[in-house]
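Residues per chain, in single letters:
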Amino acid sequence: MIHQTRLALSTQGYRHIQDITQAVTEIVIRSGVQTGVVHLFNIGSTAALGTIEFEPGLQTDFPDLLDRLVPPSCEYEHEQTWHDGNGHSHLQASLLGASLCVPIAHNRPLLGTWQQIFHLECDNKPRSREVVVTIIGD
Amino acid sequence: MIHQTRLALSTQGYRHIQDITQAVTEIVIRSGVQTGVVHLFNIGSTAALGTIEFEPGLQTDFPDLLDRLVPPSCEYEHEQTWHDGNGHSHLQASLLGASLCVPIAHNRPLLGTWQQIFHLECDNKPRSREVVVTIIGD
Amino acid sequence: MIHQTRLALSTQGYRHIQDITQAVTEIVIRSGVQTGVVHLFNIGSTAALGTIEFEPGLQTDFPDLLDRLVPPSCEYEHEQTWHDGNGHSHLQASLLGASLCVPIAHNRPLLGTWQQIFHLECDNKPRSREVVVTIIGD
């Protein structure tokens, strides 16, 4: 049994991290699937998905970490192609990944109490985003 | 055809890396699924899953790498919320990810000869862990 | 409905990044699956998969980033086991991951316009690679 839909998000630009757990949970409930997996995929190459304890400290620490590992700058070769100053956005997003699978049990995403699903905008401006949600299960 | 179960692990604390390939293989065999995918998901936000050549050198090198990229310290904002000194644990786990899919062929996980499935404890104390194992296939 | 096949790749050695989107698309078309997920998995512990805007600048920037985060050197404990100088190859591959899921819609992988599926060789010599392609859907 396969269900597929899209989740639309508005982002406020670089480092904007959102908790999408509730939105994903509602889609899982509507699917009626009791046991299985929900796959999430960010369309586009400058945003990422993952899991995190979504509390205010880590909402700063995690983008800070990415800034340190992959500094924003124009000194990337990507600039030679597009001249839009977002080479670091691409690199951060490719490092983290655009794809996430979460198990479903009892018609709900199965996560820890302090474990949420995040969407992270890595691009240097606000964007409209689409996350493809594909549910596989019984 | 969906099978879901949980794999319980005991960890010895920070940097403890375990080879869970055999445990996952046994679950796949019991499912009877010949062809498909096994999805693994760590419940909780301070441990990670992945694949690695599970030999003694890399069992040191990989946690060393994470220590270098995301140093243990109390200088994370996460401390303001919890005061438990494990900000780096959350950041390492979110960077690596809690989710892994491995193909199944001939009723076995399909891996390279020197490629194993690892569970890495990133928290700063021993933990009891649950990995959700969801098998999808024929 | 499960379809599984293997995609053979030849790599030119360290830092060789390939766009495998077209090859994956052809496999999805042949499967006849309209809606679902395609799972890709690199067999072996020194190559990685992911998504990126596959343009010349990032084809340099992304391996450069990995070189900076996980420098090639012989100063890894892995050397004690194998003496083949590719400790960084294992670490880069384990950091990025060997597994990727992409949604399928209308019998095609659903990606952004500037979002491609890449295979990255992290080993220090040319290799023959196999990527397991498992398609789940209707």
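Residues numbered from 1 in each chain as written. Chains lettered and ligands numbered in written order. Predicted model: local features only at pLDDT ≥ 70, side-chain atom pairs only at ≥ 80, totals over all residues.

Enquirer: Even after reading the chapter, I still don't get the overall build of chain A, so can you show me in this structure?
Expert: When helices and strands are counted, chain A shows four helices and eight strands. Each helix and strand of chain A, placed in order from N terminus to C terminus, yields the pattern β-β-α-β-β-α-α-α-β-β-β-β. A compact globule built from 138 residues would reach a C-alpha radius of gyration of about 14 Å, and chain A, at 16 Å, matches this within 12%. Seen along its three principal axes, the alpha-carbon backbone of chain A occupies a region of about 50 × 30 × 20 Å. Burial analysis of chain A (138 residues in total) assigns 54% to the buried set. The contacts in chain A between residues at least 6 apart in sequence include a share of 82% that link residues at least 24 apart. (Helix = DSSP H or I, 4+ residues; strand = E, 2+ residues; numbered from the N terminus. Rg over C-alpha atoms; globule rule 2.2 N^0.38 Å. Buried ≥ 20, exposed ≤ 12 C-beta atoms within 10 Å, placed from the backbone. Contact = placed C-beta atoms within 7 Å.)

Enquirer: Whenever I open this one, the environment of Glu55 of chain B confuses me. Can you help?
Expert: All names here are of chain B. When you line up the elements, Glu55 lands in the loop between β4 (47-52) and α2 (56-69). The class for Glu55 is partly exposed, based on 18 C-beta atoms found within 10 Å. Measuring from C-alpha to C-alpha, the distance between Glu55 and Gln116 comes to 9.5 Å, with 61 residues separating the pair along the chain.

Enquirer: What is the right way to look at the pairing of strand β5 (residues 99-105) of chain C in this model?
Expert: Consecutive side chains along a regular strand alternate between the two faces of the sheet. Residues and elements named next belong to chain C. When you tally the buried positions in β5, you get six out of seven residues, the bulk of the element. As judged from the two bridges shared by β5 and strand β6 (residues 108-109), these two strands associate in the antiparallel manner. Looking across to β6, one finds that Ile104 is bridged to Pro109. The loop that links β5 with its antiparallel partner β6 comprises two residues; one of these, His106, has a positive phi angle of about 50 degrees. (Pairing = 2+ DSSP bridges.)

Enquirer: What is the right way to look at the relation of the copies chain B and chain A in this model?
Expert: The operation linking the two copies of the chain is a rotation about an axis combined with a translation along the axis. Here chain B sits on chain A after a turn of 120 degrees about the axis and a move of 0.0 Å along it, with an RMSD of 0.0 Å. Both copies are brought into coincidence by an operation consistent with a three-fold rotation axis. Interface overlap between copies is the fraction of interface residues in one copy that are interface residues in the other; for chain B against chain A it is only 12%, indicating separate surfaces. (Least-squares fit on C-alpha atoms with pLDDT ≥ 70 in both.)

Enquirer: Please clarify how the interface of chain C and chain A should be interpreted in this entry.
Expert: With 29 residues of chain C at the contact, the number on the chain A side is 26 residues. Only β3 (36-42), β4 (47-52), α2 (56-69), β5 and β8 (128-137) of chain C provide two or more residues apiece to the side of chain C that touches chain A. By residue number, the principal contributor to the side of chain C that touches chain A is α2 of chain C, which donates eight residues. Split into classes, the residues belonging to the side of chain C that touches chain A amount to 16 nonpolar, nine polar and four charged. (Nonpolar A, V, L, I, M, F, W, Y, C, P; charged D, E, K, R; others polar.)

Enquirer: What am I meant to see in the sheet that holds strand β6 (residues 108-109) of chain B here?
Expert: One key point about sheets: their strands pair by backbone hydrogen bonds, in either a parallel or an antiparallel sense. Strand order in the open sheet formed by five strands is β1-β8-β3-β5-β6 (chain B), with antiparallel pairing between adjacent strands. With one partner strand each, in any of the chains shown, β1 (2-10) and β6 of chain B form the two edges of the open sheet.

Enquirer: Is there a simple way to think about helix α1 (residues 21-31) of chain A in this case?
Expert: An α-helical turn contains 3.6 residues, so a residue and the one three or four places further along point in the same direction. All names here are of chain A. Along α1, the residues that are buried comprise Val24, Ile27, Val28 and Ser31. Viewed end-on, α1 has its buried residues packed into an arc of 100 degrees, placing them on one side of the element. Among the exposed residues of α1, those oriented more than 90 degrees off its buried face are Gln22, Glu26, Ile29 and Arg30. Residues of α1 that are buried make contact with β1 (2-10), β3 (36-42), β5 (99-105), β6 (108-109), β7 (116-121) and β8 (128-137). Where α1 terminates, the next one or two residues include Gly32, which has phi positive at roughly 75 degrees. (Arc of directions from axis to C-beta.)

Enquirer: Before we go on, may I ask you to explain the confidence of the model for chain A in this structure?
Expert: Residue and element names in this part refer to chain A. Averaged over chain A, the pLDDT score is 97; the fraction of residues at 70 or greater is 100%. Within chain A, helix α3 (residues 78-82) has the poorest average pLDDT of any element, 89, and β3 the best, 99. Across the interface, the model reports ipTM at 0.97; the global pTM reads 0.98. (pLDDT = per-residue confidence, 0-100.)

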